[in-house]
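Observations on the model geometry
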Amino acid sequence: MSFLRSAIAASLLASSAFAAHAQDQVLNLYSARHYQTDEALYANFTKATGIRIQRVDADDAGILNRLKTEGAASPADVILLVDAARLAQAERDGLFRPFRSAELEQRIPAQYRATPSAEGSAWWGFSTRARVIVYNKAALKREDVDRYEKLADPKLKGKVCTRSGSHPYNLSLFGALHEHLGAAGLESWLKGVVANMARGPKGGDTDQIRAVASGECQVALSNSYYLARLMLSAKPDDQALVEKVGVVLPNQDSYGTHMNIAGGAMARHTKNAAAAQKFLEYLASDAAQGYFANGNNEWPVVSSVRMNNRALDSMGNFKRESIPVAAVAGHIGKVQQMLDRVEYK
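One structure accompanies this document, and this report is about it. Just so we're clear, the structure is a prediction, and the values are computed from it rather than from any experiment.

Quick notes on the rules
Residues numbered from 1 in each chain as written. Predicted model: local features only at pLDDT ≥ 70, side-chain atom pairs only at ≥ 80, totals over all residues. Heavy atoms only, no water. Core = buried A, V, L, I, M, F, W, Y, C linked by side-chain atoms within 4.5 Å. Buried < 20%, exposed > 50% of the residue type's maximum accessible area, 1.4 Å probe, protein only. Contact = heavy atoms within 4.5 Å. Helix = DSSP H or I, 4+ residues; strand = E, 2+ residues; numbered from the N terminus. Expected span 1.5 Å × (residues − 1). Bend = angle between axes of the 7 residues up to and from the residue. Disulfide = S-S within 2.5 Å. Pairing = 2+ DSSP bridges. Right-handed = clockwise from strand over helix to strand, strands pointing away.

Attention now goes to the nonpolar core. Formed by 79 residues in total, the largest nonpolar core has its most connected members in L27, I79, F96, W123, F126, F279 and L283. Once you skip the residues sitting within four places of it in the chain, F126 turns out to touch L104, I108, A262, G263, G264, L280, L283, A284, Q289, F292, P300 and V301. Counting residues in each nonpolar core, the second largest holds 29 residues, with V145, W189, Y255 and I332 among its members.

This is the structure we're talking about:
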């Protein structure tokens, strides 16, 4: 009997020690995601696992520069970035630790993750956003701008506005168009877009939407979630703006609309690989995928996840580009050289 009591006590002690150890675990997250709804996403992970998240926030470039500066001394365990081009660049710079995960490989389509090596994939996409065309409904018709290629049509001279050509969102689109149009075709298209600009590239995507609504220009590119935020806004000014613009999911009659990703990776020098993998697998869970869709107006990469987002629903089912984002990111260096040649600032 004494032996049994001792065994039970030892078992309880071990369970308590395990729970305490889990509660003491800390996952160091370097994140370029700055969305308020992600707080609940992280809190749910801690509640489910006992692993506390300690976060460093910066933009993609700031995070990558920090990782390079810290080197092997970096405390980072997981990296979250919001563009395929930056994910691919970090992989080339050796900042990620590839790993295999049957769960992630089963849930995340191959086109939304890094090309696997013998060690596994270096990064994984967890949400998608479309690069849409926004136009002024009083000045243009949908059919005037229903393909990316039409942004270079001389009929739109003086009517196009964009953010910087070198911004990652545009670089990723241009990398995709390299796949579709070829090098010569892309450079010719970029030259045509520059010739059609109403003013020099400036501002962010929301600024482009406002410029279209105000008549400063008549057509622009934007990531879908910027438009969705305005559509869901309760502010009268935002609703008035939305009424003035139309949105096109381009190239439905050909290769489909360009899709970019937000994704994550395990840091090269993580000291907590098991927790890092657990967190990345959690981001592919139904619950986490729902946060991406309903909280930040991004489409989940897991196709079985149901959304509850009227802005995204209003865009309907549409044909998405099918080329791997890893292939798109591989063209970024060549695209940047083209931008310099055609003086797309």
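With 28 residues, helix α6 (residues 168-195) extends only 21 Å from end C-alpha to end C-alpha; this falls clearly short of the ideal 40 Å at 1.5 Å per step. Largest kink in α6: about 115 degrees, centred on L181.

A word on the state of the cysteines. Applying the stated criterion to the full structure yields one disulfide. Across a sulfur-sulfur distance of 2.0 Å, C161 and C217 are joined as a disulfide pair. Here the residue C161 occupies a position in strand β5 (residues 160-161), and C217 occupies one in the loop between α7 (205-214) and β6 (219-223), the gap between them amounting to 56 residues. The buried category is assigned to C217, whose relative accessible area is 1%.

Moving on, we come to the pairing of strand β1 (residues 26-31). Across the six residues that make up β1, a large majority, five, are buried. Two strands pair when backbone bridges link them, and β1 and strand β2 (residues 52-57) are joined in this way by six bridges, in the parallel orientation. Bridge pairing in β2 places L27 opposite I53. Where the polypeptide runs from β1 across helix α2 (residues 38-49) and back to β2, its parallel neighbour, the crossover connection is right-handed. Where β1 and strand β3 (residues 78-81) come together, three bridges link them in parallel fashion. Along β3, the bridge assignment pairs S31 with L80.

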